[in-house]
Amino acid sequence: MGADLDVYVESLGIFGSGEGYAIQSLLPGLEQAGLKVRVLDRPPRTARAPAALLHVDLTTLPDPYRDVAGLYERAINGRALSIHRYLYSSLRVEEGDAHPGPVIVKTVLNSQGRPELHWQKQRNAWTRGAHLVRKIIEPGYKQRMCPPYRVYETIGQVPAQVWRDERLMVEKFAFDSLDLPIVKHRYMFLLDAEVNMRQTYNDILCAGSKIVRNEIGDPVPPEVIEVRNQLHLDFGAIDYFIVDGKGIVVDANKTPGSNPEWLKKNRFRQEFDDRMVEALTGFVRG
């Protein structure tokens, strides 16, 4: 019996080595519904499933994956070719701009470019060896390859080298103040299953470990829905702030994570997972 759903990932090793992806908590639900799931990192030699889900954790889909969706009757995130920050950022500033408030320096690639680094080093034994050697002999190698986000009180404090680094971009900090706590919103979705969360952090970078409250939020602002449509996202998460009554998007993700502790502490998150399983099951069955 063939597969009912083909899930495409950038690396079988990377996907199988962790449990941080939301999709990993959903696939057992499909299997309980009697559906067979196959995880792939390239088109199969045997018969394809009728449905596919692209779960390639890279900011922009590389060529081997860009035509995969066309091989299937239906595909989730088949048209989500890139979530590059330049496509949706409304806060970006350039060197010399007059901006009186704080700014944040980010990588243009999602998650500090770590997925791209992991993907590159997993491609063959030579790249894995070269990465290991550089990590040993070059102090601060990983930090240079995956620069951390930094917040500056003024645009004038941003180091000159940041403006010359194509891996980095500078955005206005969404608020005029760096005072804590900070409230950020996360809109998660899989097809028609949606949840909008209001999250409170004791950290200006909104690190997941510093979240102090997670609750159901208000309806998703139209500006956020527009970004989802623009990026052709069927499955993912969008982080945003509310500023002057509008949703200001600061991050878009097509391979969202899932914290097991959040599922335990927040019943609505577990209920949302159940709704995602239901939506995905219906999609696979057509």
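Placed above this text is the structure.
Notes on the structure in this doc start here. (Residues numbered from 1 in each chain as written. Predicted model: local features only at pLDDT ≥ 70, side-chain atom pairs only at ≥ 80, totals over all residues. Heavy atoms only, no water.)

1. Concerning the nonpolar core
- Residues Leu5, Ile23, Leu30, Leu53, Phe235 and Leu280 are the most contacted members of the largest nonpolar core, which totals 30 residues.
- Elements supplying a minimum of two residues to this core: β1 (5-8), α2 (22-32), β3 (51-54), β9 (182-190), β10 (193-201), β12 (235-243) and α10 (267-285).
- Element by element, the count of residues in this core is highest for α10, at 8 residues.
- Setting aside its immediate chain neighbours within four residues, Leu53 contacts Leu5, Asp6, Val7, Tyr8, Ile23, Ile76, Phe235 and Leu280.
- Ranked by size, the runner-up nonpolar core spans 13 residues in total, among them Val227, Leu231, Leu233 and Ile238. (Core = buried A, V, L, I, M, F, W, Y, C linked by side-chain atoms within 4.5 Å. Buried < 20%, exposed > 50% of the residue type's maximum accessible area, 1.4 Å probe, protein only. Helix = DSSP H or I, 4+ residues; strand = E, 2+ residues; numbered from the N terminus. Contact = heavy atoms within 4.5 Å.)

2. Focus on the packing of aromatic side chains
- Applying the stated criterion across every chain, the model contains 4 aromatic pairs.
- With centroids separated by 5.9 Å and ring planes inclined at 80 degrees, the aromatic side chains of Tyr8 and Tyr72 adopt a geometry described as edge-to-face. Taken together, the residues span a long stretch of sequence, with Tyr8 in strand β1 and Tyr72 in the loop between α3 (63-66) and β4 (74-76) at a distance of 64 residues. Pair check on accessibility: Tyr8 and Tyr72 agree, each one buried. (Phe/Tyr/Trp six-rings, centres within 6.5 Å; stacked < 30°, edge-to-face > 60°.)

3. Let's talk about the environment of Arg79
- If you trace the backbone, Arg79 turns up in the loop between β4 and β5 (92-93).
- Its relative accessible area of 58% is what places Arg79 among the exposed residues.
- Spatially, the C-alpha atoms of Arg79 and Asp67 are 9.4 Å apart, while their sequence positions differ by 12 residues.

4. Structural notes on the pattern of salt bridges
- According to the stated counting rule, one finds 13 salt bridges in the structure shown.
- Glu94 serves as the salt-bridge partner of Arg92, at 3.3 Å between the closest nitrogen and oxygen.
- Among the residues examined, Arg92 registers a relative accessible area of 36% and is labelled partly exposed.
- Where salt bridges share partners, they join Lys184, Arg186 and Asp239 into one cluster. (Salt bridge = Lys/Arg side-chain N within 4 Å of Asp/Glu carboxyl O.)

5. Focus: the layout of surface pockets
- Considering only enclosed or pocket space, the largest pocket measures out at about 1300 Å³ in volume.
- Contributing to the lining of the largest pocket are 50 residues, with Ser111, Arg114, Arg186, Asp239 and Asp251 lying nearest its centre.
- Counting residues per element, the lining of the largest pocket draws most heavily on helix α4 (residues 114-121), at 4 residues.
- Within the lining of the largest pocket, the residues separate by chemical class into 23 nonpolar, 13 polar and 14 charged. (1 Å grid on protein atoms, 1.4 Å probe; cavity = no way out; pocket = protein on both sides within 12 Å on 5 of 7 lines; lining within 4 Å. Points joined across faces, edges and corners; volume = space filled by probe spheres on them. Nonpolar A, V, L, I, M, F, W, Y, C, P; charged D, E, K, R; others polar.)

6. So, the sheet that holds β10
- Ordered in space as β11-β10-β9-β12-β13, the 5 strands form an open sheet in which the pairing is antiparallel. Taken across any chain shown, the strands that pair with only one partner, and hence form the sheet edges, are β11 (211-216) and β13 (246-253). With direction set aside, neighbouring strand axes in the sheet form an average angle of 30 degrees.
- The pairing of β9 with β10 spans 9 bridges and is classified as antiparallel. Bridge pairing in β10 links Leu190 to Ala193.
- Its contacts with the sheet put helix α8 (residues 222-231) on β9, β10, β12 and β13, and the angle it makes with β13 is roughly 35 degrees. (Pairing = 2+ DSSP bridges. Axes fitted to C-alpha atoms, helices over the stretch in contact; angles between N-to-C directions.)

Any functional reading would require information beyond the geometric quantities listed.
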